[in-house]
Amino acid sequence: MLYCVISIIFIHCNPSSSKKNDNTSNLALVYLASSVSTCSSTSYSVQAGPTISTRGTVLAHTTGDFNGDGYTDLFYAGPISPFENTPVGVHFLINSNGNFMDSTTERFHESVPTLIHAHRANVADFNGDSVPDIYISASGYDVQPFAGEKNLLLLSSGGKYNSIYLSRVGFTHGSAVADIDKDGDIDIVETDLTGPSPGNYVLVNDGSGNFTEYSNRVTGTSNLFTSVALVDVNRDDFPDLVLGGSEDIVPSVLILNDGSGSFATATDLPAISGYGVVVDIEPSDFTGDGKIDLLLSRTTGFSSPFGFYGDRRIQLLQGDGADNFTDITSTAIPEEPESSNRWIIDLKAFDYNKDGNLDFVGQYDDLSNQGYTRVIWENNGNSTFTPRSPSELCSPGFIFPVDADNDGGVDFLRTSYGFSSTSLPWTLLKDIR
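Predicted, not measured: the structure shown is a model, and the values here were computed from it.

**Observations regarding empty space enclosed by the protein**
1) Next: Space inside the largest cavity adds up to approximately 30 Å³.
2) Next: The wall of the largest cavity is formed by Thr 54, Gly 56, Thr 57, Tyr 76, Ala 77, Gly 78, Val 88, Gly 89, His 91 and Leu 424.
3) Next: Those elements that place two or more of their residues in the lining of the largest cavity are β4 (73-77) and β5 (88-89).

Shown next, in the form of C-alpha cells:
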C-alpha cells in the first residue's frame, strides 16, 4: 500500500518578520505574478469565473467535493499582504461542471470564520461522515512578538460546516494529516515554532473530530522545523514523519512510525551546504520504482553568503523503500542556484503532459518586487527532469491544476496573488489538448 499525505507550507520573510508557512488532494499550485490578464491558448479554452471581494491572499488551499455534487471544489484562505493584524475570512469556490462560484456564506451554519494568517489547509474526513472536513494551520500577525493564533477546524454537519477554533495558541509553520495509529480515523501532526509551548505535537482523533493533544508522540529531535509531511516510507502501512528543519539549528529528519502512532528515532536526511531552510516537502514516487522519494524546496539560512532566504535549490532524495535516502539532485535536476532573493514557496507533483510520469511545479517568491513566477519540471521518464515555462498556461496569476469537469483533463483555476488588492478575479483554463 502506497500511503502518502503531503504538506504545504508558505514561508514569507521580511526584515521585521520570521519565516513562515494540502495535502491529501491532487492539487498543485503555481504562483505567477500579481494580476490576472486576458490570454488566449490553443491548449486551453479560457472562461471567466467569479471575482471575490477580499483583501486576503491565496496561501492555505485545498480541494474536495465540499457540497456533494461529484465535482471538485476549491477552499482557500490567506492573510492580507502586506501583513496586517487583521482577521480575514476563508472562502469556498464551488464547482458545477466547470463553472465556479463563490459559495462561502452558504457553506456555514453560522458566520464565516476568520484567521489573521492562514498558512496551510488539510482536507480529510475527520468526523467519519464521508464528507471532507478541513483543518487550517495559522500563525497570527507576522511581527514581533509573534503572538500566534488558534488553528481552525471546519467539521461537516447537515450539509454545511461548523467552525471550531482549537484551544492551543501557536505560531504554526507546518501540519500534515494521516491515520498515524491505524485506528480508522485521521490524526494531525503539527510544528509550532514560537508559541507558548513550541515544538512538535500530535492531535489524536477520537473518530468524531474531537482531538487530544500529545507533546510526547514526537521525540528524539528538537524544535524549529519549518515543514512536515506524513508518508509511508518503509511500506509497513504506517505513515512515517518527515520534518524539514532550519538546519543551522536542527537537521531535517525522517522518523519512522513505531506502529502505535509515535515517532521516536530520527535519521538525518542529506543536506545541501548553505541551503539550510527546508520550505516544503513533496513525497511521491518521482523515479518510477514504486518507492517513495522526497522532493524538497530549500532556501538559504543565516550563514549563507546570499543572505537569509536569498536563493533557492530543489533537492530530490531517492528512497530505497526502507529508511534510506540518496541525494540524486545533481543528475535528476541539473540547475544552478539564482542570486535573486527568490525561493520556491511550494512544490506539487502531477502529470502535466499526461505521459504517465510525475512532473512537478514550483512557484517562486521574489521579494524584490513581490512578483511570482512558475516553472514546470517535466519528467523525462529516466529519473531526470527538464524545466519549462509553458506559455499556454497564460500569466500572470496563481494556477491550480484540477479536473474541473471530470473528463480526465488537467484544467487550471487561475487568479492573482492579491498583493495590496481588494479583489481576486478567477479564470478557468479548460484543457482541450
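**Quick notes on the pairing of strand β20 (residues 263-268)**
1) Next: Summarising the sheet, strand β19 (residues 253-257) and β20 pair through four bridges and their orientation is antiparallel. Across the sheet, residue Ile 255 finds its bridge partner in β20, namely Ala 266.
2) Next: The hairpin formed by β19 and β20 contains five residues between the paired strands, and Gly 259 there has a positive phi angle of roughly 95 degrees.

**Quick look at the pairing of strand β22 (residues 293-299)**
1) Next: Taken across its seven residues, β22 has seven buried, putting it largely inside the fold.
2) Next: Side chains Asp 293, Leu 295, Ser 297 and Thr 299 of β22 all project onto a buried face; the interleaved residues Leu 294, Leu 296 and Arg 298 project onto the opposite face, where all are buried too.
3) Next: Examined bridge by bridge, strand β21 (residues 277-284) and β22 share seven bridges and lie antiparallel to one another. Bridge pairing in β22 places Ile 281 opposite Leu 296.
4) Next: Examined bridge by bridge, β22 and strand β23 (residues 312-319) share six bridges and lie antiparallel to one another. Bridge pairing in β23 links Arg 298 to Arg 313.

**Focus: the sheet that holds β21**
1) Next: The strand order across the open sheet built from four strands is β21-β22-β23-β24, with neighbouring strands paired in antiparallel fashion. At either margin of the open sheet sits one strand with a lone partner, and together these are β21 and β24 (325-327). Between one strand axis and the next, the sheet turns through 25 degrees on average, direction left out of account.

**Digging into the confidence of the model for the chain**
Any segment with low pLDDT has predicted coordinates that should not be analysed in fine detail.
1) Next: In this model, the chain carries an average pLDDT of 84, and 82% of its residues clear a pLDDT of 70 or more.
2) Next: In this model, residues 1-37 is a region of pLDDT below 50 whose contacts with residues beyond four sequence positions or in other chains number 201 contacts.
3) Next: Residue range residues 366-372 is modelled with pLDDT below 50. Its contacts to residues more than four positions away, or to other chains, number 22 contacts.

**Concerning the packing of aromatic side chains**
1) Next: Here the structure, examined in full by the defined rule, presents 18 aromatic pairs.
2) Next: Geometrically, the ring pair formed by Phe 126 and Phe 211 is edge-to-face, given 5.7 Å between the ring centres and 75 degrees between the ring planes. Placement of the pair is Phe 126 in the loop between β9 (118-124) and β10 (133-138) and Phe 211 in strand β16 (residues 211-214), with a sequence separation of 85 residues.
3) Next: Measuring from centroid to centroid gives 5.0 Å for Phe 360 and Trp 377, while their planes differ by 10 degrees, and the two rings are stacked. Pair noted here: Phe 360 is in strand β26 (residues 359-366) and Trp 377 is in strand β27 (residues 371-379), with a separation of 17 residues, a long-range link.
4) Next: Its relative accessible area of 0% is what places Phe 360 among the buried residues.
5) Next: Overall, Trp 377 belongs to the buried group, its relative accessible area being 1%.
6) Next: Taken together, the aromatic side chains of Phe 66, Phe 75, Phe 92, Phe 108 and Tyr 161 make up a single cluster linked through ring pairs.
7) Next: For the cation-ring pair, Arg 168 lies above Tyr 201, with the distance from its terminal atom to the ring centre recorded as 3.9 Å.
8) Next: Taking NZ or CZ as reference, Arg 217 lies 4.8 Å from the ring centre of Tyr 214, over its face.

**Considering the environment of Asp 289**
1) Next: Residue placement: Asp 289 occurs in the loop between β21 and β22.
2) Next: A sequence separation of 32 residues divides Asp 289 from Gly 321, and the C-alpha atoms of the two residues are 9.4 Å apart.
3) Next: Every residue in contact with Asp 289, bar those within four places of it in the chain, is listed here: Gln 318 and Gly 319.
4) Next: Separated by 3.0 Å, the side chain of Asp 289 and the backbone nitrogen of Lys 291 make a polar contact.

Conventions we followed
- Residues numbered from 1 in each chain as written.
- Predicted model: local features only at pLDDT ≥ 70, side-chain atom pairs only at ≥ 80, totals over all residues.
- Heavy atoms only, no water.
- 1 Å grid on protein atoms, 1.4 Å probe; cavity = no way out; pocket = protein on both sides within 12 Å on 5 of 7 lines; lining within 4 Å.
- Points joined across faces, edges and corners; volume = space filled by probe spheres on them.
- Helix = DSSP H or I, 4+ residues; strand = E, 2+ residues; numbered from the N terminus.
- Pairing = 2+ DSSP bridges.
- Buried < 20%, exposed > 50% of the residue type's maximum accessible area, 1.4 Å probe, protein only.
- Axes fitted to C-alpha atoms, helices over the stretch in contact; angles between N-to-C directions.
- pLDDT = per-residue confidence, 0-100.
- Contact = heavy atoms within 4.5 Å.
- Phe/Tyr/Trp six-rings, centres within 6.5 Å; stacked < 30°, edge-to-face > 60°.
- Lys NZ or Arg CZ within 6 Å of the ring centre and 35° of its normal.
- Polar contact = N/O pair within 3.5 Å; in protein donor to acceptor, adjacent residues only side chain to side chain.

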